[in-house]
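Coordinates in review
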Amino acid sequence: MTDVVLRRTSGTLGLAGVGIAGYLTYVHYAGLHPVCGISHGCETVQTSSYASLLGIPVALLGLITYLLILVSLGMRGERALLGGYALTAIGFAFSVYLTYREVFTIHAICSWCVSSAIVFTLLTIVGTLRVLRVDVEAPVGATVS
């Protein structure tokens, strides 16, 4: 797979993540109950003590992370690649932690949260493939030997 394909795949996944996290952020600030589908645990998870970090809704943190990942995809060079990958890895690790809390502490599953965890997992896989590639473009002004 070329970097262009991997970058587009990451962009599509990032947009899906923005949709998920954007919806949950809207629901939080609008004081609504999330539409949950088959799991029926979204409201329990969204109102738990794990739904915020230092007073900031986890959904908002996810939205900001997805947006920053998209910004990094629009940039060129190794720093942008590694910065985007770091954000992806942090998002993935935090999703694993939150999924653990859903299952073993809250005893409820939020289908939106699981969807976001799946998106972060796929972003991490695609990001890993991108990082392992060697054909990263040189920064502007660098000489290529």
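Residues numbered from 1 in each chain as written. Predicted model: local features only at pLDDT ≥ 70, side-chain atom pairs only at ≥ 80, totals over all residues. Heavy atoms only, no water.

1. Side note on helix H4 (residues 78-106)
- Relative to the 42 Å expected for 29 residues at 1.5 Å per residue, H4 spans 40 Å between its end C-alpha atoms, a close match to the ideal helical length.
- Every buried residue of H4 is listed here: Ala80, Leu81, Gly84, Thr88, Gly91, Ser95, Leu98, Glu102 and Ile106.
- Positive phi appears at His107, one or two residues downstream of H4, with a value of about 60°. (Helix = DSSP H or I, 4+ residues; strand = E, 2+ residues; numbered from the N terminus. Expected span 1.5 Å × (residues − 1). Buried < 20%, exposed > 50% of the residue type's maximum accessible area, 1.4 Å probe, protein only.)

2. Here we look at the side chain of Ser48
- As for its placement among the helices and strands, Ser48 is situated in the loop between helix H2 (42-46) and strand S1 (52-53).
- Here Val45 takes part through its backbone oxygen, which lies 2.9 Å from a polar atom of the side chain of Ser48. (Polar contact = N/O pair within 3.5 Å; in protein donor to acceptor, adjacent residues only side chain to side chain.)

3. Concerning the nonpolar core
- Counting residues in each nonpolar core, the largest one holds 14 residues, and the members touching the most others are Leu13, Tyr66, Ile69, Val119, Phe120 and Leu123.
- Of all the secondary-structure elements, those providing two or more residues to this core are helix H1 (3-30), helix H3 (58-73) and helix H5 (111-132).
- Excluding residues within four positions of it along the chain, Phe120 makes contact with Thr65, Tyr66, Ile69, Thr88, Gly91, Phe92 and Ser95.
- Core analysis: the next-biggest nonpolar cluster, separate from the first, contains seven residues, Cys36, Val45, Ala108 and Cys113 among them. (Core = buried A, V, L, I, M, F, W, Y, C linked by side-chain atoms within 4.5 Å. Contact = heavy atoms within 4.5 Å.)

4. Concerning the packing of H4 against H5
- Direction vectors running N to C along H4 and H5 enclose 145°, while the axes themselves pass 8 Å from each other. As H4 runs across H5, the sense of the crossing is left-handed. Contacts from Leu81, Leu82, Tyr85, Thr88, Gly91, Phe92, Ser95, Thr99 and Glu102 of H4 reach H5 at Cys113, Ala117, Phe120, Thr121, Leu123, Thr124, Gly127, Thr128, Arg130 and Val131. (Axes fitted to C-alpha atoms, helices over the stretch in contact; angles between N-to-C directions. Left-handed = near helix turned anticlockwise from the far one by under 90°.)

5. Points about a nonpolar patch on the surface
- On the surface, a cluster of nonpolar side chains totalling about 370 Å² of accessible area is made up of Tyr100, Val103, Phe104 and Ile109.
- Of note, Tyr100 is situated in helix H4.
- Here Tyr100 falls in the partly exposed class, since its relative accessible area comes to 43%. (Patch = residues over 30% accessible without salt bridge, like charges linked within 9 Å, V, L, I, M, F, W, Y side chains within 5 Å. Areas by Shrake-Rupley, 256 points an atom, 1.4 Å probe, with all protein chains shown as cover. Salt bridge = Lys/Arg side-chain N within 4 Å of Asp/Glu carboxyl O.)

Coordinates in, geometry out; function isn't part of it.
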